[in-house]
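Remarks on the overall topology
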Amino acid sequence: MKILKTVSQAQKLTSLFRVKGKVIGFVPTMGYLHEGHLSLINAARKKADIVIVSIFVNPLQFGPGEDLKKYPRNIKRDEKLCRDAGVDYIFYPDVKQMYPEGYSTYVNIEKISDGLEGSIRPGHFKGVATIVLKLFNIVQPHYSFFGQKDAQQLSVLKKMTADLNVNTKIIVCPTAREQDGLAMSSRNIYLSKQQRADAPYLYKALEYAKRKIMPGNYNRDIDFLKGQMSKLIKSRVSATKIDYISFNDNTTLKELNTLKNTQNREILISLAVRFGSVRLIDNIVIKR
Ligand code: PAF
């Protein structure tokens, strides 16, 4: 496994692979890898000849007061995990490589970036789309692997690749979960013991909603469901604030106020909850 630190090094290499007809699989990450990332790497291994993982904590997608400075970093640990997982190259640029002085180009995917996470973290998806398009141009992947955990990120990036004719196929991998249901995230290490014990209630609330709207147990009242989910989460002492619980069309991300006439559509149920200063998100997608 090799580590590539510069854009030109990486781009030369991937151009060569393209010419040679090698299939490139790409897993973009911000490092501090966990099982979720490893499942993306495994999926990439299966589909591609060459697997490239990027590790870059992207300052552009953090708002003022967010956790950019304290975001967990450990390149030695990540290197070992990547090597053991059969990664061929890590692209590990520094901030100056990606945003040299005078950098001034940004990607903005309108509407779909506005609700949910976008409404709480203004500018976040502009930062994500900008870095991911840059990474796509550098790595030139045939396949790019993302987790379902960041549902809105997925919708935004799918829209970007479609609208800007980006030549990569986005592959969605299921959210990796701890045994008790908590979605894996690099940010879980911030959780105190009590918060860690309470955090699985996010998934419990999502599963509750899923049970309620499946055929045979048919509850169309979204406000009622949100109320019940909220009660369940608030019953945990360390869940200090619910930023949102939302039902959306999974393709357009339009908010749903009723489940009438939603057969055959994918419904995204997502939530964001603060445990003190730690903010967790989770979601499930349901097709009835
Ligand atoms: O999902 C992430 O870890 C990041 O948003 C991504 C896609 C690597 C862009 O920085």
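One structure accompanies this document, and this report is about it. (Residues numbered from 1 in each chain as written. Predicted model: local features only at pLDDT ≥ 70, side-chain atom pairs only at ≥ 80, totals over all residues. Heavy atoms only, no water.)

This part takes up the overall build of the protein chain. Scanning the protein chain from terminus to terminus reveals ten helices and nine strands. The C-alpha atoms of the protein chain give a radius of gyration of 19 Å, which matches the 19 Å a tight globule of 288 residues would have. For the protein chain, the C-alpha atoms occupy an extent of roughly 55 × 40 × 40 Å along the three principal directions. Scored against the burial criterion, the 288 residues of the protein chain give a buried share of 53%. A fraction of 73% describes how many contacts in the protein chain between residues 6 or more apart in sequence connect residues 24 or more apart. Summed over all atoms, the accessible surface of the protein chain reaches about 14,300 Å², with 49% contributed by carbon and sulfur. (Helix = DSSP H or I, 4+ residues; strand = E, 2+ residues; numbered from the N terminus. Rg over C-alpha atoms; globule rule 2.2 N^0.38 Å. Buried < 20%, exposed > 50% of the residue type's maximum accessible area, 1.4 Å probe, protein only. Contact = heavy atoms within 4.5 Å. Areas by Shrake-Rupley, 256 points an atom, 1.4 Å probe, with all protein chains shown as cover.)

All residues in the neighbourhood of the ligand are listed as Pro28, Thr29, Met30, Gln61, Ile131, Val132, Phe146, Asp150 and Gln153. At 2.6 Å, a side-chain N or O of Gln61 approaches an oxygen atom of the ligand. Contact distances for the ligand include 2.7 Å between an oxygen atom and a side-chain N or O atom of Gln153. When residues of the shell around the ligand are traced back to their parent elements, those giving at least two are β2 (24-29) and α6 (124-139). Taken together, the residues that form the shell around the ligand break down as five nonpolar, three polar and one charged. (Near = heavy atom within 4 Å. Polar contact = N/O pair within 3.5 Å; in protein donor to acceptor, adjacent residues only side chain to side chain. Nonpolar A, V, L, I, M, F, W, Y, C, P; charged D, E, K, R; others polar.)

Attention shifts here to the sheet that holds strand β9 (residues 278-287). Across the sheet, three strands lie side by side as β7-β8-β9; this open sheet has antiparallel pairing. Edge positions in the open sheet fall to β7 (241-249) and β9, since each of these has one partner strand only. Across this sheet, the average inter-strand angle for adjacent strands is 10°, counted without regard to direction. Here strand β8 (residues 266-275) runs beside β9; their pairing, made up of ten bridges, is antiparallel. Bridge assignment links Leu271 to a residue of β9, and that residue is Asp282. (Pairing = 2+ DSSP bridges. Axes fitted to C-alpha atoms, helices over the stretch in contact; angles between N-to-C directions.)

Distances and angles like these do not, on their own, reveal function.
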